[in-house]
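Examination of the molecular architecture
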Amino acid sequence: MTDQATTSSKPMPLHERLYRTEAIVLSRMDFGEADRILTIYTPRHGKFRVIAKGSRRPLSKMGPHLEYFARTRLDLARGRELDVVTAAETVDGHVGLGADLDAFGHASHCCELLDRLTQDRQEHEAAFDLLASSLRLLSDGVDPFHVARHYELALLTLLGYRPELYRCVSCEADLAAEANAFSSRLGGMLCPRCRGADAGSRPLTINAQKYLRSLDRRGLAFVARLPIADDLRAEVEATLAAYLRHVTERDLASLRVLREMNQPYDAGSSV
Ligand SMILES: [Zn+2]
């Protein structure tokens, strides 16, 4: 009998079956009569789904600690398909989000982005910290525009998609203060001479380029003090949104390719 067979035939010891983690509730859905399935993000285990049994009952003790975007401390038991929440306690309920529709919408955007850009059980403690601090700032009433753009740029950087903002991605020349263009496909700026390298690139005003560089170099505390006109907000937001869309779609496409490559192998595998 191999070690593996011995292990799998024994019931898992209690201390291995139970664990505790902090988590942020990214999304949730009703399940059955009174349960909820939550997608959570944790510092050590990344993103995964758990079930909170009975949490929709009016007298449920854990229910109030599992609100949208709440930072909470969970006791979990490993389950066959989904781990089960056995206790929950709020660390930061981000109560400010409940009173401000704009902040709530931006919190939802931040959570959805992390959900879309990460795989299950992929540890990324810095991403957890970034989300937690961004939700806190939104709840505190900091301008959601600045918080969300900072979050997007920082998350892209953490996950390996940092856009090139200082040099042309084609000829590598330092960019001059002129109307350069942003290419989502090439992951950064193109100088006027190289603009043809991507027909889908979008021209960026000097102010939009300055904003993105300030965000990158000087951080949120600096840009949050800048007065910023509506048309500049729209331009910066659309540029980052286009790049995020490109990154997400490319990732989904590469996952599809991986699945297709694995299928014949699985089917023919005798293991
Ligand atoms: Zn160039």
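Quick note: structure is the one above.
Notes on the structure in this doc start here. Small disclaimer: the values here were computed from a predicted structure and weren't measured.

**Concerning the sheet that holds strand β8 (residues 202–203)**
- What the three strands build is an open sheet, ordered β7-β6-β8; its pairing is antiparallel. Either end of the sheet is taken by a strand with one partner, and the two such strands are β7 (188–190) and β8.
- Here strand β6 (residues 181–183) runs beside β8; their pairing, made up of two bridges, is antiparallel. What sits directly across from phenylalanine 182, in β8, is arginine 202.

**Notes on the coordination of the zinc ion**
- Distances from the zinc ion to its protein donors, Cys168 (SG), Cys171 (SG), Cys191 (SG) and Cys194 (SG), fall within 2.3 to 2.4 Å.
- Seen from the zinc ion, its four donor atoms lie at angles of 103 to 116°, and the figure they make is tetrahedral.
- Here the donor residues of the zinc ion share one chain and are spaced in sequence as C-x2-C-x19-C-x2-C.
- A residue is classified by how much of its surface remains accessible, and cysteine 191, at 3% relative accessible area, is buried.
- The class for cysteine 194 is buried, based on a relative accessible area of 14%.

**Some words on the packing of helix α3 (residues 101–117) against helix α5 (residues 144–158)**
- Packing of α3 against α5 leaves a shortest axis separation of 10 Å and a crossing angle of 10°. With respect to their mutual orientation, α3 and α5 come out roughly parallel. Packed against α3, whose contacting residues are Asp102, Ala103, His106, His109, Cys110, Leu113, Leu114 and Leu117, the element α5 presents Pro144, Phe145, Ala148, Arg149, Tyr151, Glu152 and Leu155 at the interface.
- Taken together, the residues of the contact of α3 with α5 break down into ten nonpolar, two polar and three charged.

**What to know about helix α4 (residues 125–139)**
- For α4, with 15 residues, the first-to-last C-alpha span of 21 Å sits near the 21 Å given by 1.5 Å per residue.
- Elements in contact with the buried residues of α4: β1 (18–31), β2 (35–42), β4 (71–77), α3 and α5.
- Two residues or fewer after α4 comes glycine 141, characterised by a positive phi angle close to 90°.

**Structural notes on the pattern of salt bridges**
- Tallying each qualifying case throughout the model produces 17 salt bridges.
- For arginine 71, the salt bridge is made with glutamate 22, and the minimal N-O distance between the two is 2.6 Å. Residue arginine 71 is found in strand β4, and its partner glutamate 22 is found in strand β1; the two are separated by 49 residues along the sequence.
- The exposure class assigned to glutamate 22 is partly exposed, which follows from its relative accessible area of 22%.
- A salt bridge links arginine 116 to glutamate 112, with the nearest nitrogen and oxygen atoms 3.5 Å apart. On the criterion of helical spacing, the pair formed by arginine 116 and glutamate 112 is a turn pair, its members being four residues apart in helix α3.
- Judged by its relative accessible area of 43%, glutamate 112 falls in the partly exposed class.
- Overlapping salt bridges, with partners in common, bring together Asp30, Arg36 and Arg56 in one network.

**Concerning the packing of aromatic side chains**
- Per the stated rule, a full pass over the model turns up four aromatic pairs.
- Judged by centre distance (5.1 Å) and plane angle (55°), the rings of phenylalanine 69 and phenylalanine 104 are tilted. Here the residue phenylalanine 69 occupies a position in the loop between β3 (46–52) and β4, and phenylalanine 104 occupies one in helix α3, the gap between them amounting to 35 residues.
- Here phenylalanine 182 and tyrosine 243 contribute two aromatic rings whose centre-to-centre distance is 5.5 Å and whose plane-to-plane angle is 75°, an arrangement assigned as edge-to-face.

Each value, and the rule that gives it
- Residues numbered from 1 in each chain as written.
- Predicted model: local features only at pLDDT ≥ 70, side-chain atom pairs only at ≥ 80, totals over all residues.
- Heavy atoms only, no water.
- Pairing = 2+ DSSP bridges.
- Helix = DSSP H or I, 4+ residues; strand = E, 2+ residues; numbered from the N terminus.
- Donors = N, O, S within 2.8 Å, 3.2 Å for Na, K, Ca; no water.
- Tetrahedral: all angles 85-135°; square planar, octahedral: opposite > 155°, others 65-115°.
- Buried < 20%, exposed > 50% of the residue type's maximum accessible area, 1.4 Å probe, protein only.
- Axes fitted to C-alpha atoms, helices over the stretch in contact; angles between N-to-C directions.
- Parallel < 35°, antiparallel > 145°, perpendicular 65-115°, else oblique.
- Contact = heavy atoms within 4.5 Å.
- Nonpolar A, V, L, I, M, F, W, Y, C, P; charged D, E, K, R; others polar.
- Expected span 1.5 Å × (residues − 1).
- Salt bridge = Lys/Arg side-chain N within 4 Å of Asp/Glu carboxyl O.
- Phe/Tyr/Trp six-rings, centres within 6.5 Å; stacked < 30°, edge-to-face > 60°.

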